[in-house]
Amino acid sequence: MCIYKIPILRIAGICLLLALGGCANFGYYLQSVSGQLDIWKRERAIENLILDPATPAALKEKLATVLRVREFASRELGLPRNESYRRYADLERPYVVWNVFASAEFSTEPEQWCFLFAGCVGYRGYFAKSDADQFAAGLGAQGYDVFVSGVPAYSTLGWFADPALNTFMHYPEAEIARLVFHELAHQIVYVKDDSVFNESFAVAVELEGVRRWLQRNDDAQQQRQFGERSRQRQAFAGLLQKYRDRLDALYRTRLAPAAMRGRKAAILGEMEQEYQRMKAEWGGFAGYDRWFAQKPNNAQIASVSIYTQMVPAFQALLEKEGRDFGRFYAAVKTLARLEKAQRDDALQMLLPQTAFAAGGTH
């Protein structure tokens with residue numbers, strides 16, 4: 001029988017988390033701790049798995065890709081050189097966590113939840129889908145628009161070493177690289193209470209990182225595929241921003257609630273019709289059909305905006321710094337030290353007039 005030994009520092013961190021959580025959040029933190037413990041118990045060193053004859057050949061190939069991506073991330077992108085993504089865990093489920101997003105009936109701003117180390121963020125994550133659905137149902141009963149989204153990976157922000165997971169091993173090589181670069185970027189810069197800043201920065205890193213990864217590998221087919229996928233993501237983000245702006249304009253009016261609901265439903269219907277036209281232009285690519293099948297609402301739109309809203313500003317900053325990641329990270333850290341209003345103003349000044357970038361990991 002194998003007994004898994006959890007390092008003492010991990011135990012100390014967990015005890016501190018529960019002790020500081022308070023009664024109101026105790027249940028939520030307990031499920032978070034239990035979920036993290038389960039991941040640790042399943043972890044195995046990737047190098048050992050590659051050498052193990054019992055490991056399926058297809059998984060060995062993917063794990064070898066993770067190690068190559070991991071080395072590239074530190075050597076070429078200046079991302080942390082640590083133990084993250086050097087171990088693997090099979091969770092036996094499709095996602096590691098399910099995030100719950102919520103917005104008021106007449107607002108596209110996501111509700112915020114505050115946590116000990118991460119600060120306030122625009123979602124609340126659960127390791128079990130049933131728990132996420134239960135929490136979402138409670139919010140829906142209060143009149144909120146809600147959206148539950150499965151997430152293939154997340155970052156512990158450098159507190160612990162993040163493992164590779166079965167939840168994204170089936171991804172194409174470029175998508176694995178994109179995800180690893182994104183999550184490692186959170187270990188470079190993370191600002192409490194500013195999800196848009198954090199996610200937009202990480203998406204900018206992932207996009208430039210994958211561009212360099214594919215260029216280095218000189219794989220023309222993967223470059224074409226990723227380029228096409230990126231253009232589709234960009235168009236999708238632009239579509240959502242267009243209709244988010246229309247909804248925001250509607251919500252600023254003084255229409256009676258019943259009339260407001262009618263106009264809201266009409267705008268969301270028009271958004272879906274435009275998506276169908278866009279899809280036809282893509283030759284029938286159906287990658288966002290599942291997203292629209294859930295009947296989009298304020299929370300669902302907000303969940304995408306968190307990841308795309310300020311990406312063009314960070315891309316402009318990277319360009320300004322000569323695409324040098326060391327200088328770029330230093331400039332981002334300078335922005336991170338500003339008060340939020342100043343930080344937002346600085347990003348707005350960088351933001352191109354007509355630009356939407358593609359990306360987003362969850």
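What counts, and at which threshold
- Residues numbered from 1 in each chain as written.
- Predicted model: local features only at pLDDT ≥ 70, side-chain atom pairs only at ≥ 80, totals over all residues.
- Heavy atoms only, no water.
- Helix = DSSP H or I, 4+ residues; strand = E, 2+ residues; numbered from the N terminus.
- Rg over C-alpha atoms; globule rule 2.2 N^0.38 Å.
- Buried < 20%, exposed > 50% of the residue type's maximum accessible area, 1.4 Å probe, protein only.
- Contact = heavy atoms within 4.5 Å.
- Areas by Shrake-Rupley, 256 points an atom, 1.4 Å probe, with all protein chains shown as cover.
- Lys, Arg positive; Asp, Glu negative; His and termini not counted.
- Charge placed at Lys NZ, Arg CZ, Asp CG, Glu CD.
- Pairing = 2+ DSSP bridges.
- Disulfide = S-S within 2.5 Å.
- pLDDT = per-residue confidence, 0-100.
- Core = buried A, V, L, I, M, F, W, Y, C linked by side-chain atoms within 4.5 Å.
- Axes fitted to C-alpha atoms, helices over the stretch in contact; angles between N-to-C directions.

### A look at the overall build of the protein
Then step 1. Each helix and strand in the protein was counted, giving 14 helices and eight strands.
Then step 2. What you see for the protein is a C-alpha radius of gyration of 21 Å, in line with the 21 Å of a compact globule of 362 residues.
Then step 3. Expressed as lengths along the three principal axes of its C-alpha atoms, the size of the protein is roughly 65 × 55 × 40 Å.
Then step 4. Looking at the protein as a whole, 48% of its 362 residues qualify as buried.
Then step 5. Counting contacts in the protein only where the partners sit at least 6 residues apart, residues at least 24 apart contribute 73% of the total.
Then step 6. For the protein, the exposed surface amounts to about 17,200 Å²; the carbon and sulfur share of it is 55%.
Then step 7. Within the protein, one finds 44 positive and 41 negative side-chain charges whose respective centroids are separated by 1 Å.

### What about the environment of Val97?
Then step 1. Within the secondary structure, Val97 is located in strand 3 (residues 97-103).
Then step 2. By relative accessible area, which is 8% here, Val97 ends up buried.
Then step 3. Note: C-alpha distance between Val97 and Ser32 (65 residues apart in sequence) is 9.6 Å.

### A word on the pairing of strand 7 (residues 145-151)
Then step 1. A large share of strand 7 lies buried, amounting to six of its seven residues.
Then step 2. Pairing of strand 3 with strand 7, which is carried by seven bridges, proceeds in the antiparallel orientation. Bridging from a neighbouring strand, Ala102 pairs with Val146 of strand 7.

### Some thoughts on the state of the cysteines
Linking two cysteines covalently through their sulfur atoms gives a disulfide.
Then step 1. Here the structure, examined in full by the defined rule, presents one disulfide.
Then step 2. There is a disulfide in this structure between Cys114 and Cys120, and the S-S distance comes to 1.8 Å. On the sign convention where negative is left-handed, the bridge of Cys114 and Cys120, at about 95° about the S-S bond, is right-handed.
Then step 3. Overall, Cys120 belongs to the buried group, its relative accessible area being 18%.

### Digging into the confidence of the model for the protein
Then step 1. Across the protein, the average pLDDT comes to 90, with 91% of residues at or above 70.
Then step 2. For the stretch residues 1-9, pLDDT sits under 50, and the model shows six contacts to residues farther than four places along the chain or on other chains.

### Details of the nonpolar core
Then step 1. Among the nonpolar cores identified, the biggest contains 59 residues, and Leu79, Phe168, Phe181, Phe201, Phe314 and Phe328 are the most heavily contacted of them.
Then step 2. Of all the secondary-structure elements, those providing two or more residues to this core are helix 3 (46-51), helix 4 (57-77), strand 2 (87-89), strand 8 (164-165), helix 6 (173-188), helix 7 (195-217), helix 12 (311-320) and helix 13 (325-336).
Then step 3. Here Phe328 is in contact with Phe201, Val205, Phe314, Leu317, Leu318 and Glu321, once residues within four sequence places are set aside.
Then step 4. In this structure, Ala132, Leu139, Leu239 and Ala299 belong to the second largest nonpolar core, which totals 38 residues.

### Some details on the sheet that holds strand 3
Then step 1. Ordered by their spatial adjacency, three strands build an open sheet running 6-3-7, and the pairing between neighbours is antiparallel. Where the open sheet ends on each side, the last strands, each with one partner, are strand 6 (124-126) and strand 7. Neighbour to neighbour, the strand axes of the sheet diverge by 25° on average, direction disregarded.
Then step 2. In this sheet, strand 6 lies alongside strand 3 in antiparallel orientation, the contact comprising three bridges. Its bridge partner lying in strand 6, Asn99 is registered against Gly125.
Then step 3. In the packing of helix 5 (residues 129-141) onto the sheet, the strands contacted are strand 3, strand 6 and strand 7, and the crossing angle to strand 3 comes to about 10°.

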